[in-house]
Structure formats: C-alpha cells, structure tokens
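Summary of structural features
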Amino acid sequence: MSQNAKTSNMPEFLRKIIVNLKRKPQTIPMLVFVLAFLVYSLNLTHISHTTSRIQGAGMGLFGFITMLLSMLSFVCYLNAFPVRKPVNKPMLILMLVMIAAIIFSDIQYRSLIFTALHRAENPIASEVYIEAAYAMLRNHIVILIVGVVLTALMPVYAKMLRSIKTSIDVEDNGGLAEIDISGEN
C-alpha cells in the first residue's frame, strides 16, 4: 500500500496501536497495573533492607501481601475481561478488593517507617534505602489509584477510541469493468 492510500497522516505503527486499543481498551489499565507491579518488584531490595533495619510489627507480612495480591490481581483482571464476552463482574470486584488490600498494606508499611523514624525513644536513622522505600510506596499507591480510575472510566475512553478513524482508503483501480470473469477464452 502506498502512503497516498491512507486517509490520515497517521503513521502505520500508530494506526495499528489504536486499532488494537479500539478492540481491547482494557489494555490501557492493564499496562498501568503492570507498571505498578514493576515499580514495586524492582524496588524489593529497598523494601527488604527497610524491613530488616526497622523490624516493625507486620512489615514482612505487608510486603508479602503486596507481592502476592499484585500477582493474583493480574489473574483476576485477565479473567474480568474475557475476549468477546461481557465483563465478568465477580472477578472485577475481586480484583478491586485485592487492589484495596495492596493499598492498605502500602499505607501500613509507610506508617511503620514513619513511626520508626520519628519515635521519641531510639529513632531509626534515615538511610538511603529507607527513604527510597518510603517514596516508592507513595508512587506505588498513586499508580494503583490511576489504574483503578482508568478501569472505572473504561467505557468513556473506549467510546472515544472508537470515534478515531483508523480505516484506510484503497485507491480505485479503475479497471474493474475491463476484467473478464466469464471464464471464456
């Protein structure tokens, strides 16, 4: 196909991405949840060092809950939006409950860090990995909330995506009348 055959000036790779998003708008929040998982899992070193340094009550459990429910929420998310079927509402609700538990765990972990750094007796000295874990947990919570909002707004932006014209006009050959389809020689 020539470049002149397209109706818009949109590059082909961008057109293909938009077509895929039109078919599966649930990909957008899924990518946000993948980003949240990567942010947390790639910073597990900071979390584990912080847990071993502070040794607050339940810190290890909160970290475990976050990792476990992050992986299980992916399974629920994929089952909540099956291909060519309506939304599986129980799976969607279960996924949202898991994300709420992840956010709760992150908030509790952050509060344990804050308490250890600011307690009156024997406060823990702030170190680079503790500050990194504290900031990362805030970012993780924000990314999860953005993912939940995108999941809730999916009908809105799915309709907007469908309004984008991604079809390609094929130039007329002009010689269709000249083609002999009768089969006679």
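No experiment lies behind these values; they were computed from the predicted model shown.

1. With respect to helix 6 (residues 128-152)
Each turn of an α-helix holds 3.6 residues, which means side chains three or four residues apart point in the same direction. With 25 residues, helix 6 should cover 36 Å at 1.5 Å per step; its first-to-last C-alpha distance of 36 Å lies within 8% of that length. Elements that come into contact with the buried residues of helix 6 comprise helix 2 (27-41), helix 3 (44-54), helix 4 (59-80), helix 5 (89-118) and helix 7 (154-162).

2. Examining the confidence of the model for the protein
The pLDDT averaged across the protein works out to 86; a share of 86% of its residues lies at or above 70. In this model residues 1-7 is a low-confidence stretch, pLDDT under 50, and it forms 14 contacts with partners more than four residues away in sequence or in other chains.

3. As for the environment of L112
By the secondary structure assignment, L112 is in helix 5. Counting along the chain gives 55 residues from L112 to A57, while the straight-line C-alpha distance between them is 8.0 Å. In this structure L112 touches I54, A57, M59 and F62, once residues within four positions along its chain are discounted.

4. Topic: the side chain of T51
With respect to the helices and strands, T51 occurs in helix 3. For T51, the side chain forms a polar contact with the main-chain oxygen of I47, separated by 2.8 Å.

5. Considering unusual backbone geometry
Backbone geometry places Q55, a non-glycine residue, at a positive phi of 55 degrees. Given a relative accessible area of 63%, Q55 falls into the exposed group. The backbone of R84 sits at a positive phi, close to 55 degrees, despite the residue not being glycine. Checked against the element boundaries, R84 lands in the loop between helix 4 and helix 5. By relative accessible area, which is 85% here, R84 ends up exposed.

About the cut-offs
Residues numbered from 1 in each chain as written. Predicted model: local features only at pLDDT ≥ 70, side-chain atom pairs only at ≥ 80, totals over all residues. Heavy atoms only, no water. Helix = DSSP H or I, 4+ residues; strand = E, 2+ residues; numbered from the N terminus. Expected span 1.5 Å × (residues − 1). Contact = heavy atoms within 4.5 Å. pLDDT = per-residue confidence, 0-100. Polar contact = N/O pair within 3.5 Å; in protein donor to acceptor, adjacent residues only side chain to side chain. Buried < 20%, exposed > 50% of the residue type's maximum accessible area, 1.4 Å probe, protein only.

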